[in-house]
Amino acid sequence: MEDQLLDAVIIGGGPAGLNAALMLGRARKKVAVIDEGRPRNAVTRESHGFLTRDGIQPDEFRRIAKEQIGAYPSVSFVEDIAVSVAGTDGSFRIATANGQTFASRKLLFAFGMKDRPLAIPGLAEVYGKSAFVCPYCDGWELRDEPLVIIHQGAELMHFAPLISGWTKRFVVCTNGPDGLSDAEREELRRRQIPLFDAPIRSVDSNEGIVRQVVLEDGTAIPCRGIFFKPLLVPGSDLPQAIGCEVTEAGVVVTDEFGKTNIPGVYSAGDAASQRHQVIAAASMGAFAAAAMNNEMNLEAWRSNG
């Protein structure tokens, strides 16, 4: 495609990138979606909170999305990894790991986030099966069950009241110093929420279902599920390479329509947000695509005037 100028290249084929591709395809724009085919939510059995698709398997969600986008022949999918971007608004160049090159007028970063390796032995075996990161996505399935919450510091004091809407039967493991103030510890004690700060030795499970969390001091905590804070890194550093402003967490800074500080460059989904919900990412992709399309149509209008 190096000799064909596309209207847009979308880097990332998750909910944000797919919804953006759908919108741009329906707007008759020539689009390539570059995605390596290894989504973060592939570890989960089901995806929740998306109206009409509640409980769908993530790979089935993507299959249906691609099937529907296939009705718009101006959109193509490329299973590859974008490794470099260059150029300016109206003339971007994208190269991939397999040696493909693309030229496009606009660029959308929708690559999401990736998990760092889980340092707690046994946690990887239950991640996506009985250990999760978002109660809005998976709290219903663990309602009223005994849970272990692996969090610490100020975020713990936000998460504890949140999880209490699904179950009151939970203990907190901070896997080291808790990072709490005396007042915060007292708040947990008043609410009879056990707090353990010993390092976690292992998570014991059977076929992906957690049985207990074992601490280094020998304490064994029986439970049926875990919620934990993931350690996330951006799925790509290409936004920085082209000059996009990013936060300390690696999130691309955008306006409400996904526009970055670099003309012609947009970002959506988890790449540009810390909401981390499928429906939120899809919504952001739709808004970014509409903004990109409006910009391209206005440019064409003015150039033909």
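Cut-offs and rules
For every chain, the first residue of the written sequence is number 1, and numbering continues from 1 onward in sequence order. Local features in a predicted model are, by the rule used here, given only for residues with pLDDT of at least 70; side-chain atom pairs are given and counted only at 80 or more, and totals for whole chains, interfaces and linings are based on all residues. Side-chain metrics in this entry use all non-hydrogen atoms of the structure; hydrogen atoms and water are not considered. Per the convention used, a helix needs a DSSP run of H or I reaching at least four residues, while a strand needs a run of E reaching at least two, with both numbered from the N terminus. Buried means the residue's accessible area, taken with a 1.4 Å probe over protein chains only, is under 20% of the maximum for its type, while exposed means over 50%, and partly exposed covers the values in between. Whether two residues are in contact is decided by their heavy atoms, any of which lying within 4.5 Å being enough. Residue-level accessible areas treat just the shown protein chains as cover; the underlying method is Shrake-Rupley with a 1.4 Å probe. When the centres of two rings from Phe, Tyr and Trp lie within 6.5 Å, Trp using its six-membered ring, the rings pair. Their planes under 30 degrees apart give stacked, over 60 give edge-to-face, and anything left gives tilted. Throughout this description, the term charge over a ring refers to an Arg CZ or Lys NZ atom that lies within 6 Å of the ring centre and within 35 degrees of the ring normal. Strand pairing requires that DSSP identify at least two bridges connecting the strands. Only the stretch in contact is used when a helix axis is fitted, and all axes are lines through C-alpha atoms; the angle between N-to-C directions ranges over 0 to 180 degrees. Any pair of nitrogen or oxygen atoms within 3.5 Å is treated as a polar contact; in protein, a donor-acceptor pairing is required on top of that, and neighbouring residues in sequence qualify only through side-chain atoms on both sides. Nine residue types can take part in a nonpolar core, namely buried Ala, Val, Leu, Ile, Met, Phe, Trp, Tyr and Cys, and a core is a set of them joined through side-chain atoms within 4.5 Å.

Novice: Would you explain the overall build of the protein chain in this entry?
Specialist: A tally of helices and strands in the protein chain yields eight helices and 17 strands. Principal-axis analysis of the C-alpha atoms places the extent of the protein chain at approximately 70 × 35 × 35 Å. Counting across all 305 residues of the protein chain, residues that qualify as buried make up 46%. Counting only contacts in the protein chain whose residues sit at least 6 apart along the sequence, the fraction spanning at least 24 positions is 57%. Only carbon and sulfur atoms are counted for the fraction: they give 50% of the accessible area of the protein chain, which is about 15,400 Å².

Novice: Could you clarify how one ought to interpret the packing of aromatic side chains in this entry?
Specialist: Describing an aromatic ring pair means giving the distance of the ring centres and the angle of the ring planes. Tallying each qualifying case throughout the model produces six aromatic pairs. By way of ring pairs, the aromatic residues Phe132, Phe159 and Phe227 are connected into one cluster. Across the ring face of phenylalanine 77, the terminal group of lysine 66 is positioned such that the distance to the ring centre comes to 5.3 Å. The ring of tryptophan 140 is capped by arginine 143, whose NZ or CZ atom sits 3.9 Å from the centre of that ring.

Novice: Sorry if this is basic, but what is going on with the sheet that holds strand β14 (residues 220-222) here?
Specialist: Paired through their backbone hydrogen bonds, the strands of a sheet run either parallel or antiparallel. Ordered in space as β12-β13-β14, the three strands form an open sheet in which the pairing is antiparallel. The open sheet has two edge strands, β12 (200-206) and β14, and neither has a second partner. When strand polarity is set aside, the average angle formed by the axes of neighbouring strands in this sheet is 25°. Pairing between strand β13 (residues 209-215) and β14: three bridges, direction antiparallel. Paired with glutamine 212 across the strands is proline 222, a residue of β14.

Novice: Even after reading the chapter, I still don't get unusual backbone geometry, so can you show me in this structure?
Specialist: A negative phi angle characterises most non-glycine residues, just as the trans form characterises most peptide bonds. A positive phi angle is found at arginine 28, which is not glycine, with a value near 65°. Looking at where arginine 28 falls in the secondary structure, it is placed in the loop between α1 (15-26) and β2 (31-35). On the accessibility criterion, arginine 28 (75% relative accessible area) is exposed. Located in the positive-phi region is glutamine 192, a residue other than glycine, with phi close to 60°. Tracing the chain through its elements places glutamine 192 in the loop between α6 (182-190) and β11 (195-196).

Novice: What is the right way to look at the sheet that holds strand β8 (residues 131-132) in this model?
Specialist: What the five strands build is an open sheet, ordered β8-β15-β9-β10-β11; its pairing is parallel. A strand with exactly one partner marks an edge of an open sheet, and here the two such strands are β8 and β11.

Novice: Looking at this structure, how should I read the pairing of strand β6 (residues 101-109)?
Specialist: Along any regular strand the residues' side chains alternate between the sheet's two faces. Among the nine residues of β6, seven are classified as buried, and the element is accordingly described as predominantly covered. In the sheet, strand β1 (residues 5-11) pairs with β6 via six bridges, with the strands oriented parallel. Note on β6: the bridge partner recorded for leucine 5 is alanine 103. As paired elements, strand β5 (residues 91-96) and β6 share four bridges and run antiparallel to each other. Within the sheet, the bridge partner assigned to isoleucine 94 lies in β6 and is phenylalanine 102.

Novice: Where do I start with the side chain of threonine 260 in this structure?
Specialist: For threonine 260, the position within the fold is in the loop between α7 (238-241) and β17 (265-267). A distance of 3.1 Å separates the side chain of threonine 260 from the backbone nitrogen of isoleucine 262, its partner in a polar contact. Within the structure, the side chain of threonine 260 is placed 2.9 Å from the backbone oxygen of valine 265, a separation counted as a polar contact. Discounting chain neighbours no more than four positions away, the residues touching threonine 260 are Cys244, Val252, Val253, Thr254, Val265, Tyr266 and Ser267.

Novice: It is not clear to me how the environment of glycine 176 should be interpreted in this structure. Could you clarify?
Specialist: Take glycine 176: it is sitting in the loop between β10 (170-173) and α6. The exposure class assigned to glycine 176 is buried, which follows from its relative accessible area of 9%. Placed 24 residues apart in sequence, glycine 176 and isoleucine 200 show a C-alpha to C-alpha distance of 8.1 Å. Contacts of glycine 176, omitting those with residues within four sequence positions, involve Asp197, Ala198 and Pro199.

Novice: It is not clear to me how the nonpolar core should be interpreted in this structure. Could you clarify?
Specialist: The tendency in soluble globular proteins is for nonpolar side chains to be buried side by side. Ile10, Leu24, Val31, Leu108 and Met292 are the most contacted members of the largest nonpolar core, which has 24 residues in total. Broken down by element, the residue count for this core peaks at seven residues, all from helix α8 (residues 278-303). Counting residues in each nonpolar core, the second largest holds 21 residues, with Ile11, Ala32, Val252 and Val265 among its members.

Novice: What exactly am I supposed to notice about the side chain of aspartate 7 here?
Specialist: Tracing the backbone shows aspartate 7 in strand β1. Taking relative accessible area as the criterion, aspartate 7 reaches 11% and is therefore assigned buried. A polar side-chain atom of aspartate 7 sits 2.7 Å from a polar atom in the side chain of arginine 105. For aspartate 7, the contacting residues outside a window of four places in its chain are Arg28, Lys29, Lys30, Ser104, Arg105, Lys106 and Met296.

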